[in-house]
Amino acid sequence: MTEELTPPRRRFLALGASLAGAVVACRKAPAPSESGAHMRGYGERSPHEKSVRVVRELTKSLGTGSSRTPLGELHGIITPSALHFERHHSGVPALDPAAHRLLVDGLVERPLTFSLDDLKRFPSASRVCFIECGGNSIGEPGANLPDVQKSHGLLSCSEWTGVPLSIVLKEAGLKPEATWMIAEGADAGRMSRSIPVSKALDDAFLAYAQNGEALRPEQGYPLRLLLPGWEGNTNVKWLHRLQLVDQPAMSAKETANYTDLMPDGKAQQFTFVMEARSVITRPSGGQKLAGPGFHEITGLAWSGYGKIARVEVSTDAGQTWADAELQAPVLSKAAVRFRYPWRWDGKETVIACRCTDETGYLQPTRDEFIAVRGLNSGYHYNGIKPWRVNADGTVTHA
Ligand SMILES: Nc1nc2c(c(=O)[nH]1)N[C@H]1C(S)=C(S)[C@@H](COP(=O)(O)O)O[C@H]1N2
Ligand SMILES: [Mo]
């Protein structure tokens with residue numbers, strides 16, 4: 001960091017480190033409280049913390065709709081389980097883990113049924129990866145959404161633990177004709193998706209845990225399919241059946257939804273991998289800068305094709321770009337935190353970020369995206385998101 005970019009407060013802290021004792025001694029120490037709070041079996045956050053998922057119900061009766069992760073208020077790369085976005089097509093079923101079973105049948109040598117305990121006896125695997133709904137940013141290309149929760153909140157990143165699916169499929173024995181796998185959930189709508197067997201045998205796993213504890217009910221308790229880097233919808237929750245077949249089922253969620261209507265009127269089906277994208281989460285829409293001077297620009301980048309190789313930031317409406325620092329760990333198919341030190345001169349400007357993944361793919365601008373995809377489909381949008389920093393410090397869509 002150059003002297004110019006060293007934030008004044010940090011400089012003060014560095015100089016003042018040896019004086020810290022003296023600084024504390026001069027201040028009035030807080031009065032000791034009578035007694036602290038008791039311990040508790042299961043923790044809650046401080047009552048001062050208010051970040052919430054904003055819930056959007058699409059129908060009242062079934063709990064169908066979505067709620068979004070408040071990305072602008074989070075730190076690091078892990079989404080707290082209680083703030084992981086939700087997308088339910090027919091509500092959250094209440095499943096008893098002791099009674100829950102996974103059936104693996106169809107084109108297999110041995111149809112098998114597994115209890116949770118059976119699955120937990122297999123070698124386990126943990127992996128940090130993102131889940132992003134194919135409908136994240138619906139409406140964004142046509143009309144800029146005002147804050148990062150609305151524009152990008154159907155993205156979360158957790159550490160998931162479970163069993164590699166390849167191990168379970170080996171137990172059942174795949175027949176040579178088995179090229180697709182239909183994954184079905186135990187929710188009221190029995191949501192299902194057709195998955196190519198190549199992905200099932202690659203890095204797919206059956207997750208029973210999220211961030212160190214059992215899955216949350218909203219995330220598919222007690223078992224979900226985890227397909228790293230693939231469209232959120234394919235990560236079937238409340239998983240109770242894997243049927244091996246020789247062609248896709250053409251289920252509702254792979255025909256009526258999550259297909260991309262192209263400019264020529266044809267629909268593109270099976271957009272499985274989520275392309276690279278990035279977004280500035282701070283400062284972002286709805287936030288306010290306290291004044292000119294040092295501000296850290298920070299945000300997240302992710303790619304369904306692997307690792308993020310580079311994130312660039314522009315503070316002059318895209319005229320020039322400079323590399324942001326990627327915070328370790330930089331994991332494949334996971335969110336990466338980037339940081340860029342910025343000295344704001346107090347004048348109105350537009351800030352933005354763009355990322356490149358390890359395949360060399362560069363995140364497109366909105367215009368580049370629209371030139372290829374048009375405005376017919378709201379799914380799988382990954383264009384650059386600019387934010388306007390106004391002279392009064394407020395941040396709005398640009
Ligand atoms: N059984 C079932 N699985 C499902 C869904 C569903 O409604 N039912 N929603 C899908 C969609 S559209 C997405 S984006 C992800 C959302 O996962 P989350 O709610 O854990 O964030 O789950 C997918 N898996
Ligand atoms: Mo989704």
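Anything mentioned here points back to the structure above.
Notes on the structure follow. (Residues numbered from 1 in each chain as written. Chains lettered and ligands numbered in written order. Predicted model: local features only at pLDDT ≥ 70, side-chain atom pairs only at ≥ 80, totals over all residues. Heavy atoms only, no water.)

This part covers the pairing of strand β9 (residues 192-196). Counting buried positions over the five residues of β9 gives five, a clear majority of the element. Side-chain alternation along β9 places Ser 192, Ser 194 and Pro 196 on one buried face and Arg 193 and Ile 195 on a second face that is also buried. Connecting strand β8 (residues 180-185) to the antiparallel partner β9 that follows it, the hairpin turn spans six residues, and Arg 190 within it adopts a positive phi of roughly 45°. (Buried < 20%, exposed > 50% of the residue type's maximum accessible area, 1.4 Å probe, protein only. Helix = DSSP H or I, 4+ residues; strand = E, 2+ residues; numbered from the N terminus. Pairing = 2+ DSSP bridges.)

Turning next to the side chain of His 84. Mapped onto the elements of the fold, His 84 is located in the loop between β2 (64-68) and β3 (86-88). Once you skip the residues sitting within four places of it in the chain, His 84 turns out to touch Arg 53, Thr 69, Thr 79, Ile 131, Ser 156, Ser 158, Trp 160, Gln 210 and Gln 219. (Contact = heavy atoms within 4.5 Å.)

Glancing now at the layout of surface pockets. Estimated volume of the largest pocket: approximately 430 Å³. If you go around the largest pocket, you meet 20 residues; those closest to its centre are Arg 56, Ser 66, Arg 68, Gly 135 and Leu 154. When residues of the lining of the largest pocket are traced back to their parent elements, those giving at least two are β1 (54-59), β2 and α4 (148-152). The element that contributes the greatest number of residues to the lining of the largest pocket is β1, accounting for three residues. Broken down by class, the residue content of the lining of the largest pocket amounts to eight nonpolar, six polar and six charged. (1 Å grid on protein atoms, 1.4 Å probe; cavity = no way out; pocket = protein on both sides within 12 Å on 5 of 7 lines; lining within 4 Å. Points joined across faces, edges and corners; volume = space filled by probe spheres on them. Nonpolar A, V, L, I, M, F, W, Y, C, P; charged D, E, K, R; others polar.)

Of all the residues in helix α7 (residues 366-373), the buried ones are Arg 366, Phe 369 and Arg 373. Looking down the long axis of α7, one finds its buried residues gathered within 65° of arc, a one-sided arrangement. Turned more than 90 degrees away from the buried face of α7, the exposed residues are Asp 367, Ala 371 and Val 372. In this structure, the buried side of α7 is in contact with β14 (260-261). Just downstream of α7, Gly 374 is the residue with a positive phi angle, here 70°. (Arc of directions from axis to C-beta.)

What follows is about the sheet that holds β1. Taken together, three strands build an open sheet; the order of strands is β1-β2-β3 and the sheet is antiparallel. Bordering the open sheet on either side are β1 and β3, each of which pairs with just one other strand. Geometrically, the sheet is characterised by an average inter-axis angle of 10° between neighbouring strands, direction not taken into account. Pairing between β1 and β2: five bridges, direction antiparallel. Bridge assignment links Val 54 to a residue of β2, and that residue is Arg 68. (Axes fitted to C-alpha atoms, helices over the stretch in contact; angles between N-to-C directions.)

The next thing to look at is the sheet that holds strand β4 (residues 101-106). Taken in spatial order, the five strands of this open sheet run β5-β4-β13-β8-β9, and their pairing is mixed. Two strands lie at the open edges of the sheet, namely β5 (112-115) and β9, each paired on one side alone. Averaged over all adjacent pairs, the angle separating strand axes in this sheet is 20°, with direction ignored. Note that β4 and strand β13 (residues 239-245) share four bridges and pair parallel. Within β13, the position partnered with Val 104 by the bridge is Leu 242.

Moving on, we come to the site of ligand 1. Neighbouring ligand 1 are 20 residues, the closest being Phe 85, His 89, Asp 187, Arg 224 and Lys 237. Interatomic distance of 3.0 Å between a backbone N/O atom of Arg 87 and an oxygen atom of ligand 1. Between ligand 1 and Lys 237, the relevant distance is 2.5 Å, taken from an oxygen atom to a side-chain nitrogen or oxygen of the residue. Coverage of ligand 1 by the protein chains reaches 100% of its 530 Å² of free accessible surface. Among the detected pockets, ligand 1 sits in the largest cavity. If one sorts the elements of the shell around ligand 1 by residue count, β3 sits on top with three residues. The residue makeup of the shell around ligand 1, split by class, is six nonpolar, eight polar and six charged. (Near = heavy atom within 4 Å. Polar contact = N/O pair within 3.5 Å; in protein donor to acceptor, adjacent residues only side chain to side chain. Areas by Shrake-Rupley, 256 points an atom, 1.4 Å probe, with all protein chains shown as cover. Sits in = over half its atoms within 2 Å of the grid points.)

This part covers empty space enclosed by the protein. Evaluated as defined, the whole model comprises two cavities of 30 Å³ or more. Arg 87, Arg 224, Gly 232, Asn 235 and Lys 237 are the residues nearest the centre of the largest cavity, which is lined by 20 residues in total. Here the lining of the largest cavity takes three residues from β3, the largest share from any one element. When its residues are assigned to classes, the lining of the largest cavity shows seven nonpolar, eight polar and five charged. Along the wall of the second largest cavity there are 13 residues; nearest its centre are Leu 71, Leu 74, Ile 77, Thr 79 and Leu 300. Broken down by element, the lining of the second largest cavity gets its largest block of residues, three residues, from strand β7 (residues 155-164). Here the lining of the second largest cavity is composed, by residue class, of eight nonpolar, four polar and one charged. The residues that make up the lining of the second largest cavity include at least three from each of domain 1 (87-268) and domain 2 (277-397). (Domains from an automatic or database assignment.)

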